[in-house]
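# Structural overview for review
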Amino acid sequence: MSNHFSAAMLKFPGDDARLDLTDLFVFPSPDSPDRTVLILDVNPFMTGADFHPDAVYRINVDNDGDLQADVALSLVFSESNGGTQTGTVYYATGSAAREPEPAGEVLIEGMPVGFDETAKPVKAGPCRLFIGVRSDPFFADGEGAFHDFQFTGDDTFAGKNILSMALEVPNEMLGSGPEIGVWCTSSVRRDGELVQVDRYGNPSFNPFFVDELKNQFNAGHPADDVADFLEPWSKLLESRGYPAAEARETALTVLPDVMHYNRNRPAHYPNGRVLTDMRMAFLTYGRVTSDGVEPHDDYLPEFPFLGPPNAQPAGEDTTGEALLTST
């Protein structure tokens, strides 16, 4: 799986699906190569129908290679009110981008969250923005992934929904050079203090990590990843068949856990990530390159690119409980 169920024991961070970061995508706008698309999805299987009102969802951008945020796009949301909710987006640079609280310029305030297929993108300063329910773009045999990669070709995520935050921003807002590093975080307010409970850089990374270290990892920072997690990740890869030296080298391709994107090169993971990118060989030492699941057929050719929300029949289990209890 990409980053669904990213806390220990395949649970949600803070036991709240609204805080679970499921996917991160970074790629150029197909209409304007001078603009970059950043998509952050949360809430696997749409457990609950809103964004957490005490959370800060953030996309962090490092544009000078020091593993510190030079740009931060932070999104916060109101309490739900009769099935409605609004969001506010902040854009911060420099030291303000490293503050835990939302800071900087307000790109848009009080934007209604789209909870059905009628939701449309809006202008947010020099950016385009979409916030709302979408079809989950991720495609994988989730059951097989947790059963020693014995796949049946069943797509665990077909017909499921997530909550999406999609932005299309001018390249210069992210940095003057062509290369950036991107990771996202979710934090929640506890006793008046923001506590980071999830983070995401590379796809299909966290859910397969050593379980007792997941919560520590989620609360951490990319700058500490090599010191804190290189050894356990190398051991994990060795258990998957990697020779020791190659396990270490391979772990260093995803540690620190930051998604790298150079806009002068084609966007396909590991250079950014588009909706149809999948990674399987990494975890199996190349023995398995596909789970037999094809990309979804509901992606849109225009912003926000994710398909419209799927209808959820009455009584259908949308919590992913079968996956949780069978792994």
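Everything below is about the structure printed above this text.
The following refers to the structure shown. (Residues numbered from 1 in each chain as written. Predicted model: local features only at pLDDT ≥ 70, side-chain atom pairs only at ≥ 80, totals over all residues. Heavy atoms only, no water.)

## Comments concerning the overall build of the chain
Selection rule: Numbering of helices and strands starts at the N terminus; helices are DSSP runs of H or I of at least 4 residues and strands are runs of E of at least 2. We compute the radius of gyration from the C-alpha atoms alone; for a globule the expected value is 2.2 Å times N to the 0.38, where N is the number of residues. Note on exposure labels: buried denotes an accessible area under 20% of the residue type's maximum, exposed denotes more than 50%, and partly exposed covers the range between, all computed with a 1.4 Å probe on protein chains only. We call two residues in contact when some of their heavy atoms are within 4.5 Å. The charge count includes Lys and Arg as positive and Asp and Glu as negative, but it does not include His or the ends of the chains. For charged residues, the charge sits on one atom: NZ in Lys, CZ in Arg, CG in Asp, CD in Glu.
Tallying secondary structure elements over the chain gives six helices and twelve strands in all. Relative to its length of 327 residues, the chain is compact, with a C-alpha radius of gyration of 19 Å against a globular reference of 20 Å. With the C-alpha coordinates aligned to their principal axes, the bounding extent of the chain is approximately 50 × 50 × 45 Å. Looking at the chain as a whole, 56% of its 327 residues are labelled buried. Excluding contacts between residues fewer than 6 apart, the proportion of contacts in the chain whose partners are at least 24 apart in sequence is 65%. Separation between the mean location of the 22 positive side-chain charges and that of the 51 negative ones in the chain comes to 2 Å.

## Describing the side chain of Ser187
Tracing the chain through its elements places Ser187 in strand β10 (residues 179-190). Residue classification places Ser187 among the buried positions, given a relative accessible area of 11%. Those residues within four positions of Ser187 in sequence are excluded, and the remaining contacts are Asp54, Ala55, Val56, Leu194, Val195, Gln196 and Val197.

## Describing the sheet that holds strand β8 (residues 127-135)
Spelled out, the test is: In short, DSSP must find at least two bridges between two strands for them to pair. Between N-to-C directions, angles span 0 to 180 degrees; the directions come from axes that are lines fitted to C-alpha atoms, helices contributing only their stretch in contact.
With respect to topology, five strands assemble into an open sheet ordered β1-β2-β9-β8-β7, the strand pairing being antiparallel. For this open sheet the edge positions go to β1 (21-28) and β7 (122-124), each flanked by a neighbour on one side alone. The mean angle between the axes of side-by-side strands here comes to 25 degrees, regardless of whether they run parallel or antiparallel.

The analysis is restricted to geometry; functional conclusions fall outside its scope.
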